[in-house]
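What the coordinates show
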Amino acid sequence: MSIDHNIAVSHKSCEEQLRELGFSLKKRRLLQLFEAQSLILTTLSKMASEFLKKTSAPGRLLSRIKMNSQNLLPSLFQWEKCLKKKEEASTGGQTKECSLPRIGPLLDKSETGPEPLPSKPVTTKKNLFQVSPQEIVFQNFLVHQVSEMILYLVNTGKSPRSVRITMENSPHFWLVGSNDAYRRVRPGARHIVRIQFTPDENKDYSHELTCTSGKETIVVPIRAIGARPILDFPDQLDFPVCIVKCSNEKILLVQNTGNLEAHYEMSTKSPFSVVPARGTLGIGETMEVTVKYQPLTTGDHDVPLVVRYDTGETIQTKLHGEAIDLNIGLSTYSMELEKTYITMSCHKTVVIKNRSDTTAHFQWKTYPNEEEENQRKMRLYHLHSLEKEVWLKNLLKEKDVMEELGTCEDRTAILSDMVDKEMAKVQQDPMLFSDDVFFIEPLEGEIGPNSSAKIKVTFKPQEALEYRSVAYCNISGHEMRLPLKLRGEGTGLEVELSCHTLNLGNIYVNTTHAYEVDLINKSLIDAHFTFVPPTTHVAKCFELAPRKGIIAPSERQTIQISFKATVLGVFDEEFQFSVAGSPMPAALRIKGCVDGPNLHLDVKEINFSDIAFGECSLGLDVE
């Protein structure tokens, strides 16, 4: 739209408004002329501002809207510092955050003296003056050389206003022209303020300019940005789709495009890591930065890579990666093994199927996730720490005693080193699956693309019990560990005696008696038996043979029993045969009573009466 058209529209609207208010024709013409002049000045001011934004002399410094230099994207940080990117820096519209001049409270019209700068900005509903740029920034300056920048002050009101422009005394900043002087600015017109700057060092400087009208105070920040290191990191680093529990890395060639040596620290968060973490890079030098992506969970991951300079400034590169699961699974997730005799074993096979185009590494673990695994390691580590403290305490006591006796051998260093090695083993332990009765082989390995791996699960029961356990398959490329539930039952050998109790009745002492019993194997495998010798005195009078042997399935073994009693009285003894693989021995109970010989005389006494000297004999019947 042309300037003439704008004037015509403005003229028409003003004409109608003034006619409604009852102004005379002469007054209306004067006011319309004044409005047209103001509109022309405003339009010219805008055109000049646009022209200054688009063009700049090589030696002229640029002004721009202030940006917050905390956690900036690398490109915005470089744009803010205006190093080798003057054309981009001149377009203030690219910034998302801007620092507006501070607007002070309204002044009392009766005041004629200067107004102090407010401690806190108070924003009015409508500013009577506008400043451009909103912050003065000197960049790329040279030490001990004068640099100059221009500030435009535009009267946005409808009447002429006076404005006082002041700047506190500074050895580096000053106003061109009178300081603390009033300027009268017509409506829509602009006033040009020139600020000069002469630095002593290539460092940061700051100051401010105060513009005071009858109703408001505007404080314009002034900054000089000194030498800066600038590492040209990208704003965002995207990783290709990665398989969970696998890794991917990118190597960045980073250059210090600034004008100061860079002392930096870099950090990020899981699942990303960065190397090197800190260092120094000279002006114009380059280095390799390795960013690694190793996700442990599926889904999108967005984490910042933070670079901190020793100047206190920080930039952030957005790291993005996506992790997916491989199509890998088990042929079964529950396995029940057959009943197995104690000391024997049985096995079954489970298959890990890799239906993806990637090689996968697997490990059979005891715990369902890494968190529980680490907790177990911490408990073991803590136990070793306590053991170390106790050992050292005891050794110190022993050392004191040995010193009193005149001999001393310091073993604290040796034992401390032993405990430290054990603690290191705990930290390095992969915590593979371990169980007393279930065994898996192989415990770890690789599966090629579109291949499978057979896993052997062996069950060796130790007692006649039901056993349950869970093994977890940790696979690179699969977020969750795959559980394999295991169940097995141990059973003992069934070996029985043909009779469990043998009653010998009444037997005479010192007489030999022979008996037989059979051991019967009702199991499906050979039974190894062993006689368990008793310890009682009566039991030692028994002899059993054979004392050990092997009984084939469904066969029997005759046990010969020989007994010669040497002790009178009643007896009740138990004899046991231990059977390998049977939780209970086969027991034989033998009881009876041992009697001595009984003598009976047919008369109670013998009377010889009177007999002659010589021999005399009588017969007696003894039963």
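Residues numbered from 1 in each chain as written. Predicted model: local features only at pLDDT ≥ 70, side-chain atom pairs only at ≥ 80, totals over all residues. Heavy atoms only, no water.

**Side note on the packing of aromatic side chains**
Enumeration according to the criterion identifies 17 aromatic pairs in this entry. Relative to Phe 197, the ring of Phe 141 has its centre 5.2 Å away and its plane inclined at 85°; by these criteria the two rings are edge-to-face. Here Phe 141 is found in the loop between strand 3 (136–138) and strand 4 (147–155), whereas its partner Phe 197 is found in strand 8 (residues 190–197), with 56 residues between them in sequence. The class of Phe 197 is buried, set by a relative accessible area of 0%. Seen in terms of ring centroids, Phe 563 and Phe 571 are 5.2 Å apart; in terms of plane orientation they differ by 50°. Their pairing is tilted. Note on accessibility: Phe 563 and Phe 571 belong to one class, buried. One aromatic cluster in this structure is built from Phe 529, Phe 531, Phe 542, Phe 563, Phe 571, Phe 575 and Phe 577. The residue whose ring lies beneath Lys 250 is Phe 239, and the NZ or CZ to ring-centre distance is 5.7 Å. Over the ring of Phe 439 we find Lys 460, and its NZ or CZ is 5.7 Å from the ring centre. (Phe/Tyr/Trp six-rings, centres within 6.5 Å; stacked < 30°, edge-to-face > 60°. Helix = DSSP H or I, 4+ residues; strand = E, 2+ residues; numbered from the N terminus. Buried < 20%, exposed > 50% of the residue type's maximum accessible area, 1.4 Å probe, protein only. Lys NZ or Arg CZ within 6 Å of the ring centre and 35° of its normal.)

**What to know about the environment of Val 143**
You can see Val 143 is positioned in the loop between strand 3 and strand 4. Looking at Val 143, the relative accessible area reads 33%, which means it is partly exposed. Along the sequence, Val 143 and Asn 202 sit 59 residues apart, while their C-alpha atoms lie 6.1 Å from each other.

**A word on the sheet that holds strand 20 (residues 328–330)**
Strands sit in the order 20-23-27-25 across an open sheet of 4 strands; the sheet is antiparallel. On the outer flanks of this sheet lie strand 20 and strand 25 (438–441), each paired with one strand and no other. Put simply, the sheet's adjacent strands are angled 20° from each other on average, direction ignored. Sheet analysis places strand 23 (residues 346–354) next to strand 27 (residues 451–459), joined by 9 bridges and oriented antiparallel. Each residue of the ladder has a partner; that of Val 350, found in strand 27, is Ile 455. (Pairing = 2+ DSSP bridges. Axes fitted to C-alpha atoms, helices over the stretch in contact; angles between N-to-C directions.)

**Quick notes on the pairing of strand 5 (residues 161–166)**
In terms of strand pairing, strand 5 meets strand 7 (residues 181–185) through 5 bridges, oriented antiparallel. Counterpart to Arg 161 in the pairing with strand 7 is Val 185.

**Re unusual backbone geometry**
Looking along the chain, the bond that leaves Ser 132 and enters Pro 133 is cis, with omega of 0°. Among the structural elements, Pro 133 can be located in the loop between strand 2 (129–132) and strand 3. Along the chain, Glu 441 connects to Pro 442 via a cis peptide bond; the corresponding omega equals -5°. With respect to the helices and strands, the residue Pro 442 is situated in the loop between strand 25 and strand 26 (444–447). Phi angles above zero are rare outside glycine, and Met 431 is one such case at about 55°. With a phi close to 50°, Asn 450 is a non-glycine residue in the positive phi region. Along the chain, Asn 450 falls in the loop between strand 26 and strand 27.

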